[in-house]
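Single-letter residue listing:
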Amino acid sequence: MYHCEKDKIQKYCYGGEENGRDYDQIVLTYIEYYHLKAQRYKRGFYMFSLIKIIMIGILPVLQIAGISTSVPWVITAFSSGIIVVESITELWRLREKWILYRNTCNRLMTVQRQYMRSRGKGNKRMRKYIEAVEAVINEEGNGWSKISKDIKGGRTDGNRR
């Protein structure tokens, strides 16, 4: 992973001489970061979903085997486990975070490809590239803000009231 130096990042935030190659490395770092975060949340979402599905599938088998009458706490434990797994998935909002990170990563890759294919003068072209990248990052921040407001408002489905 390319590690950007703090002064190079600040140069683009606060103005300064623009070097396309340096900024492109910063964008590559963003892309890698969002890709890794998307993978992490995707794995978590699938893992908890798989655990929940397996536990739901085992419940009828335990019922047929007569475990529910001889050892009733086993059914209760499995039912409670399903609720806990589902609650963790919702509390951590794994699916929403996975989608948000993946969409941001894909949009950054699109902006980068468009920049590579674009023609024009260096500074103007570079400025458009920086503005496009910053717009994607800003939109991603707005997405996190929406998720935070939904959590504070008690919404778990991601929709506003």
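A brief structural summary.

Scoring rules and cut-offs
Residues numbered from 1 in each chain as written. Predicted model: local features only at pLDDT ≥ 70, side-chain atom pairs only at ≥ 80, totals over all residues. Heavy atoms only, no water. Helix = DSSP H or I, 4+ residues; strand = E, 2+ residues; numbered from the N terminus. Buried < 20%, exposed > 50% of the residue type's maximum accessible area, 1.4 Å probe, protein only. Contact = heavy atoms within 4.5 Å. Phe/Tyr/Trp six-rings, centres within 6.5 Å; stacked < 30°, edge-to-face > 60°. Lys NZ or Arg CZ within 6 Å of the ring centre and 35° of its normal. Core = buried A, V, L, I, M, F, W, Y, C linked by side-chain atoms within 4.5 Å. Axes fitted to C-alpha atoms, helices over the stretch in contact; angles between N-to-C directions. Parallel < 35°, antiparallel > 145°, perpendicular 65-115°, else oblique. Left-handed = near helix turned anticlockwise from the far one by under 90°. Salt bridge = Lys/Arg side-chain N within 4 Å of Asp/Glu carboxyl O. Nonpolar A, V, L, I, M, F, W, Y, C, P; charged D, E, K, R; others polar.

Observations concerning the overall build of the protein
The secondary structure content of the protein amounts to six helices and zero strands. The secondary structure elements of the protein, listed N-terminal to C-terminal, are α-α-α-α-α-α. Sorting the 161 residues of the protein into buried and exposed places 31% on the buried side. Considering only residue pairs separated by 6 or more positions, the protein has 67% of its internal contacts joining residues 24 or more positions apart.

Quick look at the packing of aromatic side chains
In this structure the tally under the stated criterion is eleven aromatic pairs. Consider the rings of tyrosine 41 and tyrosine 101, whose centres lie 5.7 Å apart with planes at 15°: the pair is stacked. Pair noted here: tyrosine 41 is in helix α2 (residues 20–64) and tyrosine 101 is in helix α5 (residues 94–117), with a separation of 60 residues, a long-range link. Tyrosine 101 gets classed as buried once you look at its relative accessible area, which sits at 6%. With 3.9 Å between their ring centres and 10° between their planes, tyrosine 115 and tyrosine 129 make a pair best called stacked. With tyrosine 115 in helix α5 and tyrosine 129 in helix α6 (residues 122–152), this residue pair connects regions lying 14 residues apart in the sequence. With respect to class, tyrosine 115 is no different from tyrosine 129; both count as buried. Here the aromatic residues Tyr33, Tyr34, Tyr41, Tyr101 and Trp144 are joined through ring pairs into a cluster of three or more. Just above the ring of tyrosine 41 sits the side chain of arginine 40; from NZ or CZ to the centre is 5.5 Å. Looking at arginine 125, its charged tip hangs above the ring of tyrosine 115, at a distance of 4.3 Å from the centre.

Concerning the nonpolar core
The biggest cluster of nonpolar side chains holds 25 residues, and the ones touching the most others in it are Tyr23, Val27, Tyr34, Leu108, Met126, Tyr129 and Val133. When contributions to this core are tallied by element, the ones reaching two or more residues are α2, α4 (72–92), α5 and α6. Looking at which element gives the most residues to this core, the answer is α2, with ten residues. With sequence-adjacent residues up to four places away left out, valine 27 is seen in contact with Gln112, Tyr129 and Val133.

Considering the packing of α2 against α4
Packing of α2 against α4 leaves a shortest axis separation of 9 Å and a crossing angle of 160°. With respect to their mutual orientation, α2 and α4 come out roughly antiparallel. For the pair α2 and α4, the sense of crossing is left-handed. Only Val74, Ile75, Phe78, Ser79, Gly81, Ile82, Val85, Glu86, Ile88, Thr89 and Trp92 of α4 make contact with α2, whose side of the interface consists of Phe45, Phe48, Ile51, Lys52, Met55, Ile56, Ile58, Leu59, Leu62 and Gln63.

Overview of the pattern of salt bridges
According to the stated counting rule, one finds three salt bridges in the structure shown. Lysine 52 serves as the salt-bridge partner of glutamate 86, at 2.5 Å between the closest nitrogen and oxygen. In this pair, glutamate 86 sits in helix α4 while lysine 52 sits in helix α2, placing the two residues 34 residues apart along the sequence. Lysine 52 sits in the partly exposed class, given a relative accessible area of 21%.

Considerations on the packing of α5 against α6
Where α5 contacts α6, the axes come no closer than 10 Å and their chain directions differ by 175°. Looking at the two axes, α5 sits roughly antiparallel to α6. Of the residues in α6, those touching α5 at Glu96, Lys97, Leu100, Tyr101, Thr104, Arg107, Leu108, Val111, Gln112, Tyr115 and Met116 are Arg125, Met126, Tyr129, Ala132, Val133, Val136, Ile137, Glu139, Glu140, Gly143, Trp144 and Ile147. Grouping the constituent residues of the contact of α5 with α6 by class yields 14 nonpolar, three polar and six charged.

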